[in-house]
Amino acid sequence: MGAMHLDVVIVGAGISGIGAAYYLQREHPGRRYAILEARAASGGTWDLFRYPGIRSDSDLHTFGFEFAPWTDDQSIATADRILAYLRRTAADHGIDQHIRYHHRVVAASWSSEQARWTVEVERTDTGAREELTCRWIFSAGGYYRYDEGFTPHFEGRDRFRGEIVHPQHWPADLDHSGKRIVVIGSGATAVTLVPALAETAAHVTMLQRTPSYVMPVPAQDALGNRLRRLLGEDRAYPIIRRKNIVKGRLVWQFCQRYPNAARRLIRWVNTRQLPAGYPVDEHFNPPYGPWDQRLCAVPNGDLFRSIRNGRADVVTDQIASFTEDGILLASGRTLEADVIVTATGLNVQAFGGTRLTVDGRPVDLADTIAYKGMMLSGVPNLAYAVGYTNSSWTLKVGLLCEHFCRLLTHMDQHGYDSCTPTPADPDMPTRPFLDFGAGYIRRAVDQLPRQGDRMPWLTSMSYSSDVKLLRAAGVTDPELRFSALVRA
């Protein structure tokens, strides 16, 4: 590859990177770009995770791309279907030809004198180091570490004679049929794993410290599927997408505005799904409000079905220690297990751990402020895609990509080479960039960028607000500084 020069380097060949490439190609067909992917395959999350039952917890009419209709009957879809959709979309638009696998971005240094980034790449297949230069970096790698999941310290872990598995590193040869399994965790991964494992395991226990909100949802969008048959895929898709955007937004707003009513409604639904006399409040009534953390969706209520038919149960307790044959709980009870699954979360890592420097000065992410939820203060020509935590990730990513392309057009029209978000008020109050209660965010909050208390330094979690900000409003702002190189 040598010191090849590109207009845009997209980091990551998952859902965000494929989306960014599509918009860049469509709006700026003359620009040279490459997608650098550290792993050997595209698809990001949907290729990495291989645990049983893995699926989306957003409907695919909004989680899918606006420009590529989701044509499967499953609305809440399994990973294999999502992966096939992503790879088909990349192939249909020639994006797959721009992906360079085994290319991990280690560092990037900006030169204002040249208005370009020098990107240091490690070949993950050979260990060799390479360099390339580019005008822009578009970071599309999400916000968690791909090489390791989060596992807290468990007393006595080494004593356990069975197998301990983290969902992020699921062994392809693990035979769990007929086994007693304990899944530690209560989030989306745990509620996906339990019913999938329960199909063949002797018994599955979901062991949680704190309950989560869990809601059954239809795996298929009945109205959406009827519209597809009536109108055809291309005409139906935008209607279904708008319908689901509005529905998701209304649910979130209802939970935020009327948390007590939402809590009662979720509890009522749970009670109807669980056996008579089941201790709903002990296992499914969290101490926080609905949507203070992500609400777990279970297609067709499969988790509740596993509990009803006795193949799975939920235990809410603290872990005292692992034992030779299972787990000793703080209450004194013992859970016997052949396999323990630590569905204990992710490790957050912004920008894939890439070391950034601007004119020789290292960038400390914790000192930066997010601009429009897509750039960083003091860092020129760097955009990133972080989607919504309260609705489909991709809804935000699409808007960010559109805005990014309009920003490039503006710079072309005015002869600018670089732009840098620069706060006018250095004393502006800040708060965490991801104002979200999940443990994986709280653990990393001091290593992440901040957000301000006013536009354009607020990171919106509202699709309707972002449509106005990122699609309808102009790309210029008094706090976004443009500059051009002096040419001889």
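Our subject is the structure listed above.
Predicted model, so just to flag it, every value in this text is computed and none were measured.

A. Inspection of the overall build of the chain at higher detail. Summing up its helical and strand segments, the chain has 13 helices and 27 strands in all. Its C-alpha atoms give the chain a radius of gyration of 23 Å, within 12% of the compact-globule value 23 Å for 488 residues. The proportion of buried residues among the 488 residues of the chain is 53%. Accessible surface computed for the chain: about 21100 Å², of which carbon and sulfur atoms make up 50%. Side-chain charges of the chain comprise 55 positive and 53 negative groups, with the mean position of each set lying 6 Å from the other.

B. Structural context of the pattern of salt bridges. In total, this model carries 24 salt bridges according to the counting rule given. Salt-bridge contacts for Lys 243 lead to Asp 221; the nearest nitrogen and oxygen are separated by 2.9 Å. Of this pair, Lys 243 sits in helix H7 (residues 233–257) while Asp 221 sits in the loop between strand S11 (214–217) and helix H6 (222–231), placing them 22 residues apart in sequence. What makes Lys 243 partly exposed here is its relative accessible area of 24%. When its relative accessible area of 9% is taken as the criterion, Asp 221 is described as buried.

C. Empty space enclosed by the protein, seen in detail. Tallied over the full model, the rule gives five cavities of 30 Å³ or more. Counted as a void, the largest cavity has a volume near 120 Å³. In terms of lining, the largest cavity is formed by 14 residues, of which the most central are Gly 142, Ala 350, Phe 351, Tyr 384 and Val 386. Across the lining of the largest cavity, the residue classes tally to eleven nonpolar, three polar and no charged. Estimated volume of the second largest cavity: approximately 90 Å³. As for the second largest cavity, its lining consists of 14 residues, of which Tyr 23, Glu 66, Arg 241, Thr 394 and Gly 398 are closest to the centre. For the lining of the second largest cavity, the secondary-structure elements that each account for two or more residues are helix H1 (15–27), helix H11 (393–414) and helix H13 (463–472). Here the lining of the second largest cavity takes six residues from H11, the largest share from any one element.

D. Broad picture of a nonpolar patch on the surface. On the surface, Phe 254, Tyr 258, Leu 265 and Trp 268 cluster together into a nonpolar patch covering about 430 Å² of accessible area. Tracing the sequence through the fold places Phe 254 in helix H7.

Calculation criteria
- Residues numbered from 1 in each chain as written.
- Predicted model: local features only at pLDDT ≥ 70, side-chain atom pairs only at ≥ 80, totals over all residues.
- Heavy atoms only, no water.
- Helix = DSSP H or I, 4+ residues; strand = E, 2+ residues; numbered from the N terminus.
- Rg over C-alpha atoms; globule rule 2.2 N^0.38 Å.
- Buried < 20%, exposed > 50% of the residue type's maximum accessible area, 1.4 Å probe, protein only.
- Areas by Shrake-Rupley, 256 points an atom, 1.4 Å probe, with all protein chains shown as cover.
- Lys, Arg positive; Asp, Glu negative; His and termini not counted.
- Charge placed at Lys NZ, Arg CZ, Asp CG, Glu CD.
- Salt bridge = Lys/Arg side-chain N within 4 Å of Asp/Glu carboxyl O.
- 1 Å grid on protein atoms, 1.4 Å probe; cavity = no way out; pocket = protein on both sides within 12 Å on 5 of 7 lines; lining within 4 Å.
- Points joined across faces, edges and corners; volume = space filled by probe spheres on them.
- Nonpolar A, V, L, I, M, F, W, Y, C, P; charged D, E, K, R; others polar.
- Patch = residues over 30% accessible without salt bridge, like charges linked within 9 Å, V, L, I, M, F, W, Y side chains within 5 Å.

Function cannot be read off these values alone, since they describe shape.
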